[in-house]
Amino acid sequence: GKGLSPKKGDVVTVHCTGYGKNNDLSQKFWSTKDPGQKPFSFTIGMGQVIPAWDIGVMTMKIGERSKVTASPSYAYGSKGFPAWGIMPNSTLLFDIELLSSSGKVRASHILVKHEESRRLASWKDPNGVEIKKRTVADADKILEGFLATIKASSDKKATFAEIASKHSDCGSAKNGGDLGTFGPGEMQKAFEDGTYAIEVGEISSIIHSGSGSHIIMRTG
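Please read these numbers as outputs of a predicted model, since none were measured by experiment.

Rules used in this analysis
Here, residues in each chain are numbered from 1, in the same order as that chain's written sequence. In view of the model being predicted, local features appear only for residues whose pLDDT reaches at least 70, and side-chain atom pairs are presented and counted only at 80 or more, with totals across whole chains, interfaces and linings using the full set of residues. Side-chain descriptors were evaluated using all non-hydrogen atoms of the structure, hydrogens and water having been removed beforehand. Note on ring pairs: Phe, Tyr and Trp rings are taken, using the six-membered ring of Trp, and paired if centres are within 6.5 Å. Classes follow the plane angle, with under 30 degrees stacked, over 60 edge-to-face and the rest tilted. Throughout this description, the term salt bridge denotes a Lys or Arg side-chain nitrogen within 4 Å of a carboxyl oxygen of Asp or Glu. Strands here are runs of E lasting at least two residues and helices are runs of H or I lasting at least four, both read from the DSSP assignment and numbered beginning at the N terminus. Under the scheme applied here, a residue whose accessible area is under 20% of the maximum for its type counts as buried, over 50% as exposed, and between as partly exposed, the area being computed with a 1.4 Å probe on protein chains only. This count recognises Lys and Arg as positive and Asp and Glu as negative, with His and chain-terminal groups excluded. Each polar contact in these results corresponds to two N or O atoms within 3.5 Å; when the atoms are within protein, one needs to be able to donate a hydrogen and the other to accept it, and residues that are neighboring in sequence are counted only if both atoms are side-chain atoms. Any two residues having at least one pair of non-hydrogen atoms within 4.5 Å are treated as being in contact. Each pair of strands is called paired provided DSSP finds at least two bridges between the two strands. The axes used here are C-alpha line fits, helices contributing only the stretch in contact, and every angle between their N-to-C directions lies in the interval 0 to 180 degrees.

> Please give an account of the packing of aromatic side chains that cites residues and values.
Inspection of every chain in the model, using the stated rule, returns eleven aromatic pairs. Seen in terms of ring centroids, Tyr 76 and Phe 81 are 5.4 Å apart; in terms of plane orientation they differ by 75°. Their pairing is edge-to-face. These aromatic residues form a ring-pair network of at least three members: Phe 29, Trp 30, Phe 40, Phe 42, Trp 53, Tyr 76, Phe 81, Trp 84 and Phe 94.

> So what about the pattern of salt bridges? Which residues, and what values?
Tallied over the entire structure, the rule returns eight salt bridges. The partner of Arg 106 in a salt bridge is Asp 178, and the shortest N-O contact between them spans 2.5 Å. Taken as a pair, Arg 106 in strand E6 (residues 105–112) and Asp 178 in strand E7 (residues 178–182) lie far apart in primary sequence, 72 residues in all. Ionic pairing is found between Lys 189 and Asp 193, a salt bridge with its closest N-O pair at 2.6 Å. Of this pair, Lys 189 and Asp 193 are both found in helix H4 (residues 189–196), four residues apart, which corresponds to roughly one turn of the helix. The exposure class of Lys 189 is exposed, given its relative accessible area of 59%.

> Please provide a residue-by-residue account of the side chain of Glu 192, values included.
Structurally, Glu 192 is set in helix H4. This buried residue, Glu 192, is left without a salt bridge; Lys 189 holds the nearest opposite charge, at 6.1 Å. Polar side-chain contacts of Glu 192 include one of 2.6 Å to the backbone nitrogen of Gly 185. Aside from chain neighbours lying at most four places away, what touches Glu 192 is Gly 183, Pro 184, Gly 185, Glu 186 and Met 187.

> Could you give me a rundown of the sheet that holds strand E9 (residues 212–218), with the residues and numbers involved?
Sheet architecture is open: four strands sit in the order E7-E6-E9-E8, paired in antiparallel fashion. Single-partner strands in this sheet number two, and they are E7 and strand E8 (207–209). Taken pair by pair, the neighbouring strands of this sheet meet at an average axis angle of 40°, ignoring direction. Note: E6 against E9, six bridges, orientation antiparallel. Bridge pairing in E9 places Ser 108 opposite Met 217. The strands that helix H3 (residues 156–167) touches are E6 and E9; relative to E6, the one it contacts most, it runs at about 50°.

Right, here's the structure in full:
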């Protein structure tokens, strides 16, 4: 899987198949992949689902698939769930795939605008004189140079912030490129996908969005 594990209060969406019908762990009692079913969403850590789901899914990352064994006290206990063929005091097995999580992330970036950027101006170049001359390839080449400098540094975070403050075409340059926290749907999709695809402390390869060419450092 990728990214951070969900934390209490995040809304997660999973595919799940449950086994243990009539106390037989080879027998399925329910699946989100059954006809008429769909992926299941819930707020994690809030008791909306059985404890095994809350605990198990909180250890997973997006795209990960895990098998979670639930003893009775972490499943349906002494009452069972007769409608699904789950007997009292049953141990169950769940095959769970974490599809998405609404958890927020934090990132800094360095933006280099070019002639195809949706807004042909920046704090560095208010009239877009240089931006309008710069091709996508030119922007990427500039970022490749920045990446090489950052990777060679003993303090990558400080070097990233220093380059962002001097050279990024985004207003976040005044904060060393820091964009603060954001969640799904709050950034352009290419940028969001690029951020969620890397671990905290990692730096992305070059990402292209409507704003221009970016490199991203995941910070939270």
